[in-house]
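Here is how the chains run, residue by residue.
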Amino acid sequence: TLDNGRLSIAAMGLGLAQGAFELALNYANERKQFGRPISKFQEIAFSLADMATKIELARNLLYKACWLKDNDLPFAKEAAMSKLYCSEIAKEVADKGVQIHGGYGLMKDYDIERHFRDQRLLQIGEGTSEIQRLVISRYIGC
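How each quantity is defined
Residues numbered from 1 in each chain as written. Predicted model: local features only at pLDDT ≥ 70, side-chain atom pairs only at ≥ 80, totals over all residues. Heavy atoms only, no water. Helix = DSSP H or I, 4+ residues; strand = E, 2+ residues; numbered from the N terminus. Buried < 20%, exposed > 50% of the residue type's maximum accessible area, 1.4 Å probe, protein only. Contact = heavy atoms within 4.5 Å. Areas by Shrake-Rupley, 256 points an atom, 1.4 Å probe, with all protein chains shown as cover. Lys, Arg positive; Asp, Glu negative; His and termini not counted. Charge placed at Lys NZ, Arg CZ, Asp CG, Glu CD. Core = buried A, V, L, I, M, F, W, Y, C linked by side-chain atoms within 4.5 Å. Salt bridge = Lys/Arg side-chain N within 4 Å of Asp/Glu carboxyl O. Axes fitted to C-alpha atoms, helices over the stretch in contact; angles between N-to-C directions. Parallel < 35°, antiparallel > 145°, perpendicular 65-115°, else oblique. Left-handed = near helix turned anticlockwise from the far one by under 90°. Nonpolar A, V, L, I, M, F, W, Y, C, P; charged D, E, K, R; others polar. Phe/Tyr/Trp six-rings, centres within 6.5 Å; stacked < 30°, edge-to-face > 60°. Lys NZ or Arg CZ within 6 Å of the ring centre and 35° of its normal.

Engineer: Mind laying out the overall build of the chain, listing which residues take part and the relevant values?
Structural biologist: A tally of helices and strands in the chain yields 5 helices and 2 strands. Taking all 142 residues of the chain together, 42% fall into the buried category. Taking as baseline every contact in the chain between residues at least 6 positions apart, the subset at least 24 positions apart corresponds to 73%. Taken as a whole, the chain presents about 8100 Å² of accessible surface, with 55% of it coming from carbon and sulfur. Once the 19 positive and 18 negative side-chain charges of the chain are each reduced to a mean point, those two points are 3 Å apart.

In structure tokens form, the structure reads like this:
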């Protein structure tokens, strides 16, 4: 039951990260400074590139765990890894999304603020990140 729940939390984390990324990307393409979108500044562009890469890695890890489950193969370790990674990436992407929004990122008028608040629960539900690390460490022989 916990393993199935971990996949659900991982999926929520992945969706939250994807949503926060899309908000940040849209904002960065619309917000202009010095006559150009802030997405054209290297720091912002690199941050968005890192976010996109980490989301894709999270998606692939989650999909592998789901594939194992769907094919009646052991998936407990991968479920814990997916839950840990997707929830941590949701936190990281939401935080960076707020940073890209600047002061607006903390205002309720901008959806990125809600993503930042919502991501916190994902590191707690179905076992904290520390518990996931404990589960994974046992599966890898520690």
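Engineer: Quick one: what's the story with helix α5 (residues 129–139), residue by residue and with numbers?
Structural biologist: All of the buried residues along α5 are Ser129, Gln132, Val135, Ile136 and Ser137. Tucked inside the fold, the buried residues of α5 contact α1 (2–30) and α3 (76–101). Where α5 ends, the next residue or the one after it, Gly141, has phi of about 100°, a positive value.

Engineer: Hey, could you go over the nonpolar core for me, with residue numbers and the actual values?
Structural biologist: Counting residues in hydrophobic clusters, the biggest one holds 31 residues, and the most contacted among them are Leu48, Met51, Ile55, Val93 and Ile100. At the level of elements, α1, α2 (42–70), α3 and α4 (111–122) are the ones that each hand at least two residues to this core. Looking at which element gives the most residues to this core, the answer is α1, with 11 residues.

Engineer: Which residues make up the pattern of salt bridges, and what values do they have?
Structural biologist: Where charged atoms from two side chains of opposite charge come close, those side chains can pair. Inspection of every chain in the model, using the stated rule, returns 7 salt bridges. Of the charged contacts in the structure, one is a salt bridge between Glu92 and Lys54, with a shortest N-O distance of 2.4 Å. One end of the pair, Glu92, is in helix α3; the other, Lys54, is in helix α2, with 38 residues separating them in the sequence. On the accessibility criterion, Glu92 (37% relative accessible area) is partly exposed. As a salt-bridge pair, Arg114 and Asp118 come within 3.6 Å of each other at their nearest N and O atoms. Note that Arg114 and Asp118 are positioned in helix α4 at a spacing of 4 residues, about one turn of the helix. With relative accessibility at 35%, the residue Asp118 sits in the partly exposed group.

Engineer: Mind laying out the packing of α2 against α3, listing which residues take part and the relevant values?
Structural biologist: At a minimum axis separation of 9 Å, α2 and α3 run at an interaxial angle of 160°. On the basis of their axis angle, the class for α2 and α3 is roughly antiparallel. Where α2 crosses over α3, the handedness of that crossing is left-handed. By residue class, the composition of the contact of α2 with α3 is 17 nonpolar, 3 polar and 6 charged.

Engineer: Explain the side chain of Gln123 to me, and be specific about the residues and the numbers.
Structural biologist: Structurally, Gln123 can be placed in the loop between α4 and α5. Beyond its immediate chain neighbours, meaning those up to four positions away, Gln123 contacts Lys83, Ser87, Glu88, Lys91, Thr128 and Ser129.

Engineer: Can you lay out the packing of aromatic side chains for me, pointing to particular residues and giving the numbers?
Structural biologist: Applying the stated criterion across every chain yields a total of 3 aromatic pairs. Measuring from centroid to centroid gives 6.4 Å for Phe34 and Phe41, while their planes differ by 75°, and the two rings are edge-to-face. Here Phe34 falls in the exposed class, since its relative accessible area comes to 75%. For Phe41, a relative accessible area of 24% translates into the label partly exposed. Linked through ring pairs, Tyr27, Tyr104 and Tyr110 together constitute an aromatic cluster. Stacked on the ring of Phe41, the Lys or Arg Arg36 has its end atom at 4.0 Å from the ring centre.

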